[in-house]
Amino acid sequence: MASEDLTSFLKVWLQSGQEAERLQKKFLLAGIDAITPQSSDVFSRLKRGPIAQNPTVYWTERPSYDVRLRGQLTDNALLFSGQLLGNDLTANTLAQHVRPGTILERSDHLQVKVTALDAENLTATIAAHGNTGELSDDADVVTWDLLGDALSDYNVTHFPKGLEIKQRRVGTQIHEETFEYPHTWRNTAFENIASNVEDQLTEIVRNLRLKIARSVLRVAPTYSDGSYVTGSSVENPTMTGLCQWPRLMYAEHSNANVFVNKSGAELELSDLDNLVFYLENDMHADFNTGSWYLICHPVQHMYLSDMLLTYRRMTMQEDRIGYSVNVYESKRGKAFPIIIDWNMQEGVFLVANLAACSWGYYKGDDIWTKDLPTQGRFEQKLITCQTYGVVVRRPSQSIGSIYGLPATYTA
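Structural notes, computed from the coordinates. None of these values were measured; they are calculated from a predicted model.

Cut-offs applied
Residues numbered from 1 in each chain as written. Predicted model: local features only at pLDDT ≥ 70, side-chain atom pairs only at ≥ 80, totals over all residues. Heavy atoms only, no water. Helix = DSSP H or I, 4+ residues; strand = E, 2+ residues; numbered from the N terminus. Buried < 20%, exposed > 50% of the residue type's maximum accessible area, 1.4 Å probe, protein only. Contact = heavy atoms within 4.5 Å. Areas by Shrake-Rupley, 256 points an atom, 1.4 Å probe, with all protein chains shown as cover. Pairing = 2+ DSSP bridges. Salt bridge = Lys/Arg side-chain N within 4 Å of Asp/Glu carboxyl O. Core = buried A, V, L, I, M, F, W, Y, C linked by side-chain atoms within 4.5 Å. Axes fitted to C-alpha atoms, helices over the stretch in contact; angles between N-to-C directions. Phe/Tyr/Trp six-rings, centres within 6.5 Å; stacked < 30°, edge-to-face > 60°. Lys NZ or Arg CZ within 6 Å of the ring centre and 35° of its normal. Polar contact = N/O pair within 3.5 Å; in protein donor to acceptor, adjacent residues only side chain to side chain.

Quick look at the overall build of the chain now. A count of helical and extended segments in the chain gives 10 helices and 22 strands. Evaluated residue by residue, the chain yields a buried proportion of 41% over its 411 residues. Restricting the contact set of the chain to residue pairs at least 6 apart, pairs at least 24 apart contribute 74%. Taken as a whole, the chain presents about 23900 Å² of accessible surface, with 49% of it coming from carbon and sulfur.

Shown next as structure tokens:
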């Protein structure tokens, strides 16, 4: 650029008036550069469920009979504890699994046979079975596998079985934005914008969808008077975000192996391996079905890339430096694609089957606009919708978490 051209260019931006403004436009690029936050990668992978027609969305699940239970052997008395059928052990659930003649096996392969059951006191009288060794006391509560029952043709003691169905629910959440604009602005011409109103509404709707995505990921259900409330029982209801389900499940199961609190410590490879193992062992997750992912904020992905540097399978690339981790493969042999989401909580890892998760709109209440009455040379539009979610089918088997991790990255 010649010196006189540079001088003319600078003069344009130092002057005012119509001629200077006309010249300034020559240097503007066509269109408007939009600066927007990152979209939610988790939200893009969640399926849209059916239309809801009730402020509370219900679904049911039925547990299967357990194949193991917890107990402590002292002399010839086995005292049971822990959980069965997804709830704290009771006389009824114990009798659904154990009766005189039931064979149980301990981890050291000691097999015992129940000779009498006192379900009310959660206790069974047992005897050694099958020449597996002398009875030996348990120092603490251990796991006993249920092998089966040894009964006679003349058995007349029967206990009817039946599984209780559990009802789960999530609520709806109303989202809205209001857009106000003067009549003069509406009719003002801006570069490459056919309609000022439609352009602004498009951006507001994009913002609204991002808020929905963040709610689907993180928002907690409304809590009042010691319980979660949904639907018409609360004036300002909220949906249940994906990150809230591990906390809800921990309240039911109190299993620190699948809802793991790191208390500020960094993630270790054993944490992920143990989470996958116990989600399958304790909660009976089926990693052979569904769409399983490891979900985290970029902060945790930085730690994960550092941690797995010495474990990954390497391919030489002479024209590239650096590294990243896109898939985690557990000791169980299950590979988990990693979803990195800027809208995720910084200090949390989720292992989740997204095929079991969904969200949706209330009937007739997907995103719509409404003109609001005004008394001046300006107009207002309401942009609103109502959503429900997140429905997680069999949540105890579909999601686990590690939380309490560092919220910032330190190399």
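Across the 15 residues that make up strand β21 (residues 378-392), a large majority, 12, are buried. Looking at chain direction, strand β11 (residues 166-182) and β21 are connected through 11 bridges and run antiparallel. Each bridged residue has a counterpart across the sheet, and for E177 the counterpart in β21 is I383. The pairing of strand β19 (residues 357-361) with β21 spans 5 bridges and is classified as antiparallel. Looking at β21, one finds that S358 is bridged to V391. As judged from the 5 bridges shared by strand β20 (residues 368-372) and β21, these two strands associate in the antiparallel manner. Residue L372 lies in a different strand from β21, and its bridge partner there is Q380. A loop of 5 residues connects β20 with β21, the two strands running antiparallel in sequence.

With that out of the way, let us pick up the pattern of salt bridges. Where side chains of opposite charge bring their charged atoms close, a pairing between them can arise. Per the stated rule, a full pass over the model turns up 12 salt bridges. Of the charged contacts in the structure, one is a salt bridge between K262 and D271, with a shortest N-O distance of 2.8 Å. By the burial criterion, K262 is buried, and D271 matches it. One continuous salt-bridge network, built from bridges that share partners, spans E61, K166, R168 and E252.

A few words on the pairing of strand β18 (residues 349-353). For β18, the buried fraction is high: 5 of the 5 residues fall into the buried class. Burial of β18 is two-sided: the residues F349, V351 and N353 facing one way and the residues L350 and A352 facing the other way are all buried. Inspection of the sheet shows strand β15 (residues 292-296) paired to β18 by 5 bridges, in the antiparallel sense. For C296, the partnering residue across the bridge sits in β18 and is F349.

Time to look at the nonpolar core. Among the nonpolar cores identified, the biggest contains 69 residues, and L242, W245, L294, I295, L304 and L354 are the most heavily contacted of them. The dominant element in this core, judged by the number of residues it contributes, is helix α6 (residues 196-218), at 9 residues. Setting aside residues no more than four positions away along its own chain, L242 makes contact with V42, V216, L217, I295, L350, L354, C357, V390, V392 and I399. Among the nonpolar cores identified, the runner-up in size contains 17 residues, and L73, V112, A124 and I126 belong to it.

This part is about the sheet that holds strand β17 (residues 335-340). Taken in spatial order, the 6 strands line up as β14-β22-β18-β15-β17-β16 in an open sheet, and their pairing is mixed. Every other strand in the sheet has two partners, leaving β14 (259-261) and β16 (327-329) as the edge strands with one partner each. When strand polarity is set aside, the average angle formed by the axes of neighbouring strands in this sheet is 20°. Sheet analysis places β18 next to strand β22 (residues 399-403), joined by 4 bridges and oriented antiparallel. Bridging from a neighbouring strand, F349 pairs with I402 of β22.

On to the packing of aromatic side chains, then. Enumeration over the complete set of coordinates arrives at 10 aromatic pairs. With a centroid separation of 5.1 Å and 65° between ring planes, the pair formed by Y303 and Y409 is classed as edge-to-face. One end of the pair, Y303, is in helix α9 (residues 298-307); the other, Y409, is in the segment after β22, and 106 residues separate them in sequence. Judged by relative accessible area, which is 8%, Y303 ranks as buried. Every member of this aromatic cluster is reached through a ring pair, and the members are F287, W292, Y328 and F336. For K161, the ring lying beneath its charged end belongs to Y65, and the centroid distance is 5.4 Å.

You can see N255 is positioned in the loop between α7 (245-253) and β14. A polar atom in the side chain of N255 sits 2.9 Å from the backbone nitrogen of N257. Engagement of the side chain of N255 in a polar contact is seen with the side chain of D282, the distance being 3.1 Å. Setting aside residues no more than four positions away along its own chain, N255 makes contact with Y250, D282 and M283.

Strand order in this closed barrel of 6 strands is β3-β4-β9-β8-β7-β10, and the pairing throughout is antiparallel. Within this sheet the neighbouring strands show an average axis-to-axis angle of 45°, counted without direction. For strand β4 (residues 77-81) and strand β9 (residues 123-128), the ladder comprises 3 bridges, and the chain directions are antiparallel. Bridge assignment links L79 to a residue of β9, and that residue is T123.

Time to look at the environment of A95. Here A95 shows up in helix α4 (residues 91-95). On the basis of relative accessibility, which here comes to 12%, the residue A95 falls in the buried class. C-alpha separation for the pair A95 and A119, spaced 24 residues apart in sequence, amounts to 6.2 Å. Once residues within four sequence positions are removed from consideration, A95 is found in contact with L117, A119 and F159.

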